[in-house]
Structures are given as C-alpha cells and as structure tokens.
Amino acid sequence: MTYPYQIKTLQQYHGAYKLSEENPEAFWASIADHFIWHKKWDKVLDWNFTEPKVEWFKGGQLNITENCIDRHLATRGEEPALIWEPNNPEERTRVITYNRLHKRVCQVAQMLTNLGVKKGDRVCIYMGMVPELTYAILGCARIGAVHSVIFGGFSAQSIADRLEDAKAEYIITCDGAYRGNKDIPLKSVIDDALIGNKLVKKVIVYTRTRTPISMIKGRDLWWEDEMEHAEQQVEKEGKVSFPAMPMEAEDPLFILYTSGSTGKPKGVVHTVAGYMVWTTYTFVNVFQYQPGQVHFCTADIGWITGHSYIVYGPLSAGGTSLMFEGIPTWPDAGRFWDIIDKHKVAILYTAPTAIRSLMGFGLDYVKDKDLSSLKVLGSVGEPINEEAWQWYFKNIGKERCPIVDTWWQTETGGIMISNLAGVTPHKPVYATLPLPGVHPILVDENGNEITGNSVSGNLCIKHPWPGIIRTTYGDHERCRTNYFSTYPNLYFTGDGCRRDEEGNYRITGRVDDVLNVSGHRIGTAEVENAINMHSGVVESAVVGYPHDIKGQGIYAYVIYEGSHHEENLTRQDILQTVSRIIGPIAKPDKIQFVTGLPKTRSGKIMRRILRKIAEGETGNIGDISTLLDPNVVEEIINGVI
Ligand code: WTA
C-alpha cells in the first residue's frame, strides 16, 4: 500500500495547503478518491456555520470497515493489524492479522444482528483495552450501529447519564479489566448503572479477569457463547463473510461524550465518510507512516485519541497498531521502553503527562532499552512544557526522531495543527502549522480577527474540514451554542493560542471553564455538581492550578456546614462522592474549606480571583471592588493550602 496523498517535502506541504485554501472541494475529492466507495458522492461539501450544517461527500455510500479491513485482505491479509500487549508482561502477546480481524469483526456483526441490533441503534461499549474492544467497535460500524465507547474509569452514575442521553439499548462490556496491579470490576459498575434503566435490552460480557459477576437472566449474555454461534454462521466452505452495510456518507459513526463548560457532558457525533478521510489523511501525513511500521498510541480507546489513532486511522491506512492494556508505570516505570524494544515500535504517540511522570523516575529505566526502532515521537492532549519536550527528544528519540506536537480535540475528529514528522520543522512547545484544510484564525474577546504574527488570541477555525463535529447527540442547538455562536461564522475551539513571528501556533490552554487534567478534559461545573451532592456542602467552586505531573490540578473551594473537627473526614467523603458521581479522574487534588466565595453583586462567582489564589498569585489579585463582600478574599488567601 502506498499513500498517493502523503506529503514528502516542505514544498509539497505548502502546495497542498494552498490548494486546500483555493479549492477545498477539488482538494478533498482527490483524497477521497483513494478510498473504497459503494457509490461516489454527488457533492463534496455543503455547509454553513449558522445552523450549523456540514455535509461532506453527500450522496456517497460506503462502509468504513471495508476501508479499514477488507481492502487490505488481498495484499496484507497475513500482516498484523493489531499487536496486543497485555497488562502483565508475562502473559502472551496477541498478534491479530488483517485476516483474523476480518473474521472477528464479521462475527461481531453477526452476533449483534442475531441480538436484534440494527443500523442506527446505539451500542455502548465499556471494556478494558483488549482486542475484543476493537472488534466490538468495528462490528458496530460494519452493521451501521452507532458505538459510544465509555472510558473504563467512569463511574456508574456517569455511565447511566450517557446511556440515557444516547438512548442506548445494547451494552458490550467485560467482567473486569486489568490496569497495573488493579482489577477494575467493569460488569458490576454496569449493573449499578443499569438500576432504574428501562431501555437496555442486552448486555454482552467478555471474560477477561474471571472476577465473579452476576448475570441477569434474559438480559446478560456471554460474548464467548454468542461469538461461537456467530462463527458458524459467518463461515461457509472455509470462507468468512458478513456483508458490510452500505452507509450514507453523513450517517453517524459514533458518539463520544466529552466535557464542556456546562454541567453535563456532550455527545459529540462524528459521521462515516468525513471522519474516515480525515483520520487516515492526518495519520499518514503527521506521522509519515510507512507500511510495516508498528504504531504505538498509548491512549485509551475510551478517548478520541484512541478512536482516531489506534483504531480508525492506522487500520484504514493498512498499518499495524499496537494496543497496550496496562499503564506506563507497572510493573515498573520502564514499561513503555520495554514495549518499544520488544515490538520494534517505530512511532510512539503519548501525552505530556506520561512523559513528565516517567521523567520523574529517572533514566535508569531507559538506559538499557533498545529504542533504535523509533522514528517519530508524538505528543497530544495538552500543551507540552519545554523540559518534557527536551527530555523526550534527547532521551527517548536520542535527538534523531522528530517530535510531532499535535493539537486537536474530540470535536475535530483528528489532528488539526502539527508539524509533519521530518517534513515540516518541529519547534519545541509549538504545535507549529495547520494541516491542509485547516484555517485557524485568532480573535479578540469581541470576535475581531487578530492578524499578523507575534500575536495571541482565542483560536477559531473558519472553514469546515472533513472531521469536524456534526452535532451533539439529541440536541443540535447545544452544538450551535457551544461551538458556533460565540463568534459568528466561526468554529470556536475554547483554546487560547499564540502565533509567533514565523506563523507557528502554540496552544496555551483552555479559555473556558474546562480543565485539562493529565490530558483529560473535565468541566469545572461537573466537578462542582458532584461535590454539591455531598450532604454537608452548601456551595463549591472549582478551578485549575498548575500541577507538575498532571499539567493542571483540581482545586476546590467548599462551603461546608459542620464543625471544623470533621474537616478531614469530610474531605475524604467529598473525594469519594466525586469518584462515585464522575470517576476517580475528577477527584480534587486540593480542597479548601471557606465560609464564603467571592461573588459579584449579581451573584456570579469570580473565578478569575479563585484561579489566581489557587495559582499562588496572592499578591496580585486585581480589582475586587465589584465584589459583594471583598473581605472573603482575604479570608480565602489566609486559608490557602
Ligand atoms: C488540549 C484530545 C496543547 C486543548 C485530542 C484541547 C492540546 C483539548 C494539545 C482537547 C496540544 C490537545 N497542545 N493543547 N498538542 N492537544 N490539547 O477533546 O486544550 O480530549 O482543546 O482531545 O486538549 O481535548 P480532547
């Protein structure tokens, strides 16, 4: 497999970019031509950002799994599609060829069909990082069911909310998941999430940890039994087949929930054709992928990074994607380096928080590992700091591997701003230049464009690209108000950004009430809602503060009615409450009890002040004269932890 659209030189990059600006339709049609279609599109792009409406390749029909699997069978059938590295290094690695992946995905498609799942039905997937998770995702896509993967760290309550919002009728889960030295009881969390749920008809359970679980008659089924039955149906005369459902280009492919500045997570919807073209194009170009290379993206498939750069991008490109079940620090902090050495990984794509954490363990864990197979290093999820960038470049890439600092979001489907490995220059802590098809602009508070270089502003995108969010599930108005109404006719990212003297972009962080904790998006309002569930809590306000490893930590100011003796206990209770309502990732790092919060006369909490205090900038709080009670500020400063 070769990639005719792979950009090889800086000059080609500029040429492609120019073409994508001048004639986006011709540009994207020439790329979409390299995919398998049942029927070609009638119109490349139809759009307006006011509704918003974005339709790519309208009238085209295709199935993404034929692009991710079937088209590679003749040439790469016996090549590895997935390499699976288990949590426990003593357990056997699994290598899944394209032929094997095809068979398993056909089986899942048959199994789901047997259970009554139809095109457009929502299937919620709550599994650990096992190959069966990838089979489940692609099995849904094969029959046109809409998958919604939920990260294994989310609580029963979070799952219940998502199930309800997506109106999901089917769940695929595991008995449990291994992560480091922990067994996570996934099925029992699902059981809790289903208390009171009337919509879910079937729960399919894959056996991973052999944790005792309860199976509810008529509702719960074993994956192994159903898959065995399906195997007999899809295999005829030694040949495996299950017809891929022809999908409209703009049919939904999946829903993925993500946090915003309001209390409730949003179901970001991506559609089949645009997402496919975008993830493949960005994968091949940013990482400069060559067939045969092992690509190791360390994200969990529960996040967009895993969807786009473990599953869809690499497989559509006929690549070999490494799936790792465990965590970077178990059995010890050398695990990533062992995996790279063992599987001859060419591309490592990870998050700054992981780099910073591993950096803290020192070079002893790196020094005897053979990392010579590495060609490209990637970073994603949050701004990378200079120290982590240099450490990564020097000690992991040995100063020979370019680092791609890739800026993008759940809503963008794939990478938006990044250098192309070895083709366009990298620059420490800069995501650098936009991909062809991406037209970033910076605006001030009033929406006026900030032109020229060496400037900062709020980052917006002015023209649709194929991977853009189409809607928020069940509530299109929410999509409009969140992303398309702040600045008319622009997609607003929620990020602040600097453009340097050469036109390189550096994303400086969120400008809304969303935190980025260890590369995970968490809404402050969500955490506040969870804290407020605790019976003794009157009110709370949550802000971020700089954290050495996590990037941002969670700082909660809490008004609590109760005696001071109970404070430590209450702290523990609050942490547990947040864990139960959202999941352990949202637990505050610091809780400060206060008697009041700084509010304006109209009752709005002045977060700017709370942020400054949490950041330790107590000498420079700024104007507090508009506060209802300016005295609370001093009290809060005195109580800082
Ligand atoms: C942040 C993850 C700086 C940003 C793919 C964005 C980054 C949010 C970078 C999206 C980067 C992601 N440099 N910041 N290279 N990549 N971000 O939806 O604030 O989980 O808005 O998508 O992460 O997070 P999400």
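Chains are numbered independently. Their residues run from 1 in the order of the written sequence. In keeping with the predicted nature of the model, local features appear solely for residues at pLDDT of at least 70, side-chain atom pairs appear and are counted solely at 80 or more, and the whole-chain, interface and lining totals rest on all residues. Each side-chain value is derived from all of the structure's non-hydrogen atoms; neither hydrogens nor water enter the calculation.

Looking at this structure, how should I read the site of the ligand?
Nearness of a residue to a molecule or strand requires only that one of the residue's heavy atoms be within 4 Å of it. Neighbouring residues of the ligand: 17 residues in total, closest D405, T406, T410, D495 and R521. A distance of 2.5 Å separates an oxygen atom of the ligand from a polar atom in the side chain of T410. Secondary structure elements with two or more residues in the shell around the ligand: α10 (304-316), β22 (403-406) and β28 (505-510). Residue polarity follows a fixed list, in which Ala, Val, Leu, Ile, Met, Phe, Trp, Tyr, Cys and Pro are nonpolar, Asp, Glu, Lys and Arg are charged, and the others, Gly among them, are polar. Grouping the constituent residues of the shell around the ligand by class yields six nonpolar, six polar and five charged. N or O atoms within 3.5 Å of each other form a polar contact, as long as, within protein, one can give a hydrogen and the other can take it, and as long as residues adjacent in sequence are counted only when both atoms are side-chain atoms. In this text, helices come from DSSP runs of H or I with a minimum length of four residues, and strands from runs of E with a minimum of two, each type numbered from the N-terminal end.

Can you help me understand the domain arrangement of the chain in this one?
Often, the extent of an interface is quoted as the loss of accessible area upon association of its parts. Each assigned domain of the chain is listed with its residue range as follows: domain 1 (10-65 + 267-450 + 457-494), domain 2 (96-245) and domain 3 (515-638). Put simply, the middle of domain 1 and the middle of domain 3, counted by C-alpha atoms, are 33 Å apart. In what follows, a contact means two residues having at least one pair of non-hydrogen atoms within 4.5 Å. Taken together, the contact between domain 1 and domain 3 spans nine residues of the former and 10 residues of the latter. Of the roughly 740 Å² buried between domain 1 and domain 3 on both sides combined, carbon and sulfur atoms contribute 48%. Counting the surface domain 1 buries against domain 3, the share from its top three residues, W303, T353 and R356, is 54%. Salt-bridge detection follows one rule: a side-chain nitrogen of Lys or Arg within 4 Å of a carboxyl oxygen of Asp or Glu. Taken together, domain 1 and domain 3 are joined by one salt bridge. As annotated, the domain borders come from an automatic or database domain assignment. When two parts are put together, the accessible area they lose, computed with a 1.4 Å probe and summed over both, is reported as buried area.

Quick question: what am I supposed to make of the pairing of strand β21 (residues 376-380) here?
Remember that side chains alternate between the two faces of the sheet whenever the strand is regular. Of all five residues making up β21, five are buried, and the element is well covered by its neighbours. Because side chains alternate across β21, one face comprises the buried residues V376, G378 and V380, and the other comprises L377 and S379, equally buried. Summarising the sheet, strand β20 (residues 345-350) and β21 pair through four bridges and their orientation is parallel. What sits directly across from L348, in β21, is L377. Taken together, β20, helix α12 (residues 352-359) and β21 constitute a β-α-β crossover, and its handedness is right-handed. Whether two strands pair comes down to DSSP finding at least two bridges between them. As judged from the four bridges shared by β21 and β22, these two strands associate in the parallel manner. Paired with L377 across the two strands is I403, which belongs to β22. The buried label applies to any residue whose accessible area, calculated with a 1.4 Å probe on protein chains only, is under 20% of its type's maximum; exposed applies above 50%, and partly exposed to all values in between. A right-handed crossover is one whose linking path, passing over the helix from the first strand to the second, runs clockwise when the strands point away from the viewer.

I'm lost on the state of the cysteines in this one. Help?
Every disulfide links exactly two cysteines, by a covalent bond between their sulfur atoms. The definition used for a disulfide is geometric: two cysteine sulfur atoms within 2.5 Å. Across all of its chains, the model carries zero disulfides by this definition. Lacking any disulfide linkage, C106 is separated from the closest cysteine sulfur, that of C68, by 13 Å. Of all cysteine sulfurs, the one in C297 lies closest to C401, which takes part in no disulfide; the gap is 17 Å. Judged by its relative accessible area of 1%, C401 falls in the buried class.

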